[in-house]
Amino acid sequence: MKTALRHLAIAAVLLALWQALILATGTPKYILPPPLAVLQKIVSARSQLAEHALVTLAEVGLGLISGTTLGILSALALQYSRLLRALLSPLLVSSQAIPVYALAPVLTLWFGFGMLPKILMTVLIIYFPITTAAYDGLRRTPQGYLDLARSMNSLPRNTLLRLRLPAALPAFASGLRVAVAIAPIGAVIGEWVGGSSGLGYLMTYANARTQTDLLFAALAVLVLITLTLYSATDRLLHRLIRWKAAG
């Protein structure tokens, strides 16, 4: 309850500063609409916003599931295979040198204007934090636990499931939180470049027609989706690693 009130207070302060900036500078509505105008547009265009929000949410959700699965599998490959570690490590580092935005037109050219390129953009943007966090967690399993498992002739599968994966959860949780926060960026970039639906497409549509209130309304919905996903993920992770907090 206290956290929700604190968030509401921060939002109220930001909205007040937004309104004060408009009043102080006399910024025209078509450049920066006041908060009340954006709220009115959210209400009047709620069906349109909901339709596009569902598309973006589906892209983000599928991208998160795919990217997280791929990241965990890659982390396991890095941990258990020297050959794959030698091949994947340079790719992981070099992938961060390529601007994600530059790949959006290429993915659209290859896979068309449907959901697939947006999902792939989301996967690309979260793959590095998920993989590196999971791999770091697997490597940081206390050596004493591993020695004890070895002395008891534990099978490699049991050591992975009962020692390494639980020990990797805190580090993986940090990577997943980052991934959830940035995942919508990949979907929206894909929609900007080559989309016919979604909040990113709606922003581009509104910007081209100088419907700034609709643009900000779509942005507000996107922020709400991101905050909701992050909050839900954070709560789930706290439940999964409650033992870590207790320790």
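Not measured: the values here are computed from a predicted model.

Cut-offs used in this document
Residues numbered from 1 in each chain as written. Predicted model: local features only at pLDDT ≥ 70, side-chain atom pairs only at ≥ 80, totals over all residues. Heavy atoms only, no water. Helix = DSSP H or I, 4+ residues; strand = E, 2+ residues; numbered from the N terminus. Buried < 20%, exposed > 50% of the residue type's maximum accessible area, 1.4 Å probe, protein only. Lys, Arg positive; Asp, Glu negative; His and termini not counted. Charge placed at Lys NZ, Arg CZ, Asp CG, Glu CD. UniProt positions renumbered as here; feature names shortened; annotations may be inferred. Contact = heavy atoms within 4.5 Å. Phe/Tyr/Trp six-rings, centres within 6.5 Å; stacked < 30°, edge-to-face > 60°. Lys NZ or Arg CZ within 6 Å of the ring centre and 35° of its normal.

### Overview of the overall build of the chain
Helix and strand content of the chain: 11 helices and zero strands. Along its sequence from the N terminus, the chain presents helices and strands in the succession α-α-α-α-α-α-α-α-α-α-α. Based on the C-alpha atoms only, the size of the chain along its principal axes is roughly 75 × 50 × 30 Å. Buried residues in the chain amount to 36% of all 247 residues. If the 20 positive side-chain charges of the chain are averaged to one point and the 7 negative ones to another, these points end up 10 Å apart.

### Thoughts on the UniProt feature "transmembrane region" (unreviewed entry) in the chain
Within this numbering scheme, the UniProt entry marks residues 53-78, 90-113, 119-138, 167-194 and 214-232 as carrying the feature "transmembrane region" (unreviewed entry). Overall, residues 53-78 shows 100% helix and 0% strand. The separation of its end C-alpha atoms is 36 Å. Taken end to end, residues 90-113 is 75% helix and 0% strand, and its two terminal C-alpha atoms sit 31 Å from one another.

### Points about the environment of G71
Examined against the element boundaries, G71 turns out to sit in helix α3 (residues 46-80). Judged by its relative accessible area of 0%, G71 is buried. Apart from the residues lying within four places of it in its own chain, the contact partners of G71 are Y127, I130 and T131.

### Here we look at the packing of aromatic side chains
One pass over the structure, following the stated rule, counts three aromatic pairs. Aromatic side chains Y201 and Y205 sit 6.3 Å apart centroid to centroid with 35° between the ring planes, which places their arrangement in the tilted category. Taken together, the residues span about one helical turn, with Y201 and Y205 both in helix α9 (residues 199-208) at a distance of four residues. The ring of Y135 has R139 lying over it, and the distance from NZ or CZ to the ring centre is 4.9 Å.

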